[in-house]
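Below are the chains, spelled out letter by letter.
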Amino acid sequence: MTRDAALLLPSTEPVTLIDPDGHPVPHVGHDLPDPQALVRAYAALISARRFNDQANALVRQGRLAVYPSSHGQEACQVACVQVLDDGDWLFPTYRDSAAIVARGVDPVQALTLLRGDWHSGYDPHATRVAPQATPLATHLLHAVGVAHAARLRGEPTVVMAVCGDGATSEGDFHEALNFAAVFRTPVVFFIQNNEYAISVPLARQTAAPSLAHKGIGYGVAGERVDGNDVAALLKVLGAAVTRARAGEGPQLVEAHTYRVQAHTNADDPGRYRSADEVTPWLARDPITRLETYLRGRDLLDEQNARGYAEQAEQLAERMRTGLNEETAADYRDLFAHVYAQPTPQLREQQALVADELSREEVS
Ligand SMILES: Cc1ncc(C[n+]2csc(CCOP(=O)(O)OP(=O)(O)O)c2C)c(N)n1
């Protein structure tokens, strides 16, 4: 473990490999990913954007209770999954549904929580995706625990633990970093700094030079990356995963991105930020820049682009069909999973509900 603070410092500017106009940016530390990895990322970006659009539409149709969109953050969603092996784990937040789908979870199962049906609609072990965490940063400790256990068993597992800028103010974030560093736990803490925690802007969240600097106090190496540049994300996150797997301990990566849409459908961003602030970020869209780069090098043609758009359309169709089906909710589930042995109070409450429902059926 290094005690040299300079080696833990992030770069002064976020790493960028493809600029917003689609031009490559030479970088001393990283080459561009190979073309196949970029084309694969492009296909996943198209699906992630379509997923966000369809989920927003399903909210308007009353089919989803709430949707925290990752529109504009799709490069982060795609890259943090693409750098993982099958045996690795992803620990996502409520904003990371697109990442969960990129990992291979069925989109309808991925949205079960946000539909309000169940804590997790998918089997976490099947694709090694932990249930989406709504409480901020609590899952970072669970992620460290899973990674620590894997290391003790001698498995080569790396855990990708995702959180937002706001979550870095939570005590759990700091405890997770400290434990992970002391025990050299193979975790990549991936902060999607989208500039806002609901209405709280970054300047009100922290006085640190960057969120990646927060690792230094714990002995965790930090790096900063352009969160709208999937090429840079693949390289920086890929290097972090490699280091964690090699036994170099936890890594901290901060992606600079922007929450283009509202926090959720229950939020009105017009009350705390101006449209002028949003406009420049639209010009930094993660999909446009990669598409310009790929087309300029004959790595993407019309036919391939249409094929990826069709795949994304099939994903949206699956969401519409699956989420338009009524689910058979059983009120007893409310009580069944609270304690192994229900308390007298719970039994009493369940009887009250049963009684009310039976009277409704009669009238
Ligand atoms: C422990 C905890 N406190 C407060 C909240 C309420 N809350 C939900 S989202 C949110 C903002 C989180 O912002 P950030 O971590 O930047 O993630 P983003 O939503 O921008 O992806 C807050 C305060 C919560 N979910 N959990």
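Reference entry: report on the structure contained in this document. These numbers come from a predicted model, not from an experiment.

## Digging into the site of the ligand
Lining the immediate environment of the ligand, one finds 15 residues, of which Tyr94, Arg95, Gly166, Ala167 and Tyr196 sit closest. Between an oxygen atom of the ligand and a side-chain N or O atom of Arg95, the distance comes to 2.7 Å. Within the backbone of Thr134, a nitrogen or oxygen atom sits 3.0 Å from a nitrogen atom of the ligand. Calculation on the ligand without its partners gives an accessible area of 580 Å², and the protein chains cover 72% of this total.

## Thoughts on a nonpolar patch on the surface
Taken together, the side chains of Phe179, Val182 and Phe183 make up a nonpolar region of the molecular surface, amounting to roughly 270 Å² of accessible area. Topologically, Phe179 is positioned in helix H9 (residues 171-182). For Phe179, a relative accessible area of 34% corresponds to the partly exposed category.

## Some words on the sheet that holds strand S3 (residues 187-193)
Backbone-to-backbone hydrogen bonds join strands into a sheet, with any given pair of strands oriented parallel or antiparallel. In spatial order, the strands read S1-S2-S3-S7-S6; together these 5 strands make up an open sheet with parallel pairing. At either margin of the open sheet sits one strand with a lone partner, and together these are strand S1 (89-91) and strand S6 (221-226). On average, adjacent strands in this sheet sit at an angle of 20° to one another, irrespective of strand direction. Two elements, S1 and strand S2 (residues 159-164), share 3 bridges in a ladder whose sense is parallel. Bridging from a neighbouring strand, Phe91 pairs with Ala161 of S2. Along the sheet face, helix H8 (residues 138-152) touches S1, S2 and S3 and points at about 170° away from the line of S2.

## What about the nonpolar core?
Ranked by size, the top nonpolar core spans 66 residues in total, and within it Met160, Phe190 and Leu237 carry the most contacts. Aside from chain neighbours lying at most four places away, what touches Leu237 is Ala79, Cys80, Val83, Met160, Val188, Phe190 and Val253. Ranked by size, the runner-up nonpolar core spans 24 residues in total, among them Val144, Ala161, Phe173 and Leu202.

## Examining helix H14 (residues 302-324)
Turn by turn, an α-helix covers 3.6 residues, leaving residues three or four places apart pointing in a common direction. Taking 1.5 Å of rise per residue, the 23 residues of H14 would be expected to cover 33 Å, and the 32 Å separating its terminal C-alpha atoms lies within 8% of that figure. Residues Ala305, Tyr308, Ala312, Leu315, Ala316, Met319, Gly322 and Leu323 constitute the buried set of H14. Elements that come into contact with the buried residues of H14 comprise helix H2 (35-60), helix H4 (97-102), helix H5 (107-110), helix H6 (112-115) and helix H13 (286-296).

## Thoughts on the packing of aromatic side chains
Applying the stated criterion across every chain, the model contains 7 aromatic pairs. Where Phe51 meets Tyr67, the ring centres are 6.2 Å apart and the plane angle is 70°; that geometry is what we call edge-to-face. Taken as a pair, Phe51 in helix H2 and Tyr67 in the loop between H2 and helix H3 (74-82) lie far apart in primary sequence, 16 residues in all. Assigned by exposure class, Phe51 and Tyr67 land together as buried. Relative to Trp281, the ring of Tyr258 lies with its centre 5.1 Å away and its plane at 10°, an arrangement referred to as stacked. One end of the pair, Tyr258, is in the loop between strand S7 (251-256) and helix H12 (275-282); the other, Trp281, is in helix H12, and 23 residues separate them in sequence. On the accessibility criterion, Tyr258 (2% relative accessible area) is buried. Taken together, Tyr196, Tyr258, Tyr272 and Trp281 form an aromatic cluster joined through their ring pairs.

Here is what the cut-offs are and how they apply
Residues numbered from 1 in each chain as written. Predicted model: local features only at pLDDT ≥ 70, side-chain atom pairs only at ≥ 80, totals over all residues. Heavy atoms only, no water. Near = heavy atom within 4 Å. Polar contact = N/O pair within 3.5 Å; in protein donor to acceptor, adjacent residues only side chain to side chain. Areas by Shrake-Rupley, 256 points an atom, 1.4 Å probe, with all protein chains shown as cover. Patch = residues over 30% accessible without salt bridge, like charges linked within 9 Å, V, L, I, M, F, W, Y side chains within 5 Å. Salt bridge = Lys/Arg side-chain N within 4 Å of Asp/Glu carboxyl O. Helix = DSSP H or I, 4+ residues; strand = E, 2+ residues; numbered from the N terminus. Buried < 20%, exposed > 50% of the residue type's maximum accessible area, 1.4 Å probe, protein only. Pairing = 2+ DSSP bridges. Axes fitted to C-alpha atoms, helices over the stretch in contact; angles between N-to-C directions. Contact = heavy atoms within 4.5 Å. Core = buried A, V, L, I, M, F, W, Y, C linked by side-chain atoms within 4.5 Å. Expected span 1.5 Å × (residues − 1). Phe/Tyr/Trp six-rings, centres within 6.5 Å; stacked < 30°, edge-to-face > 60°.

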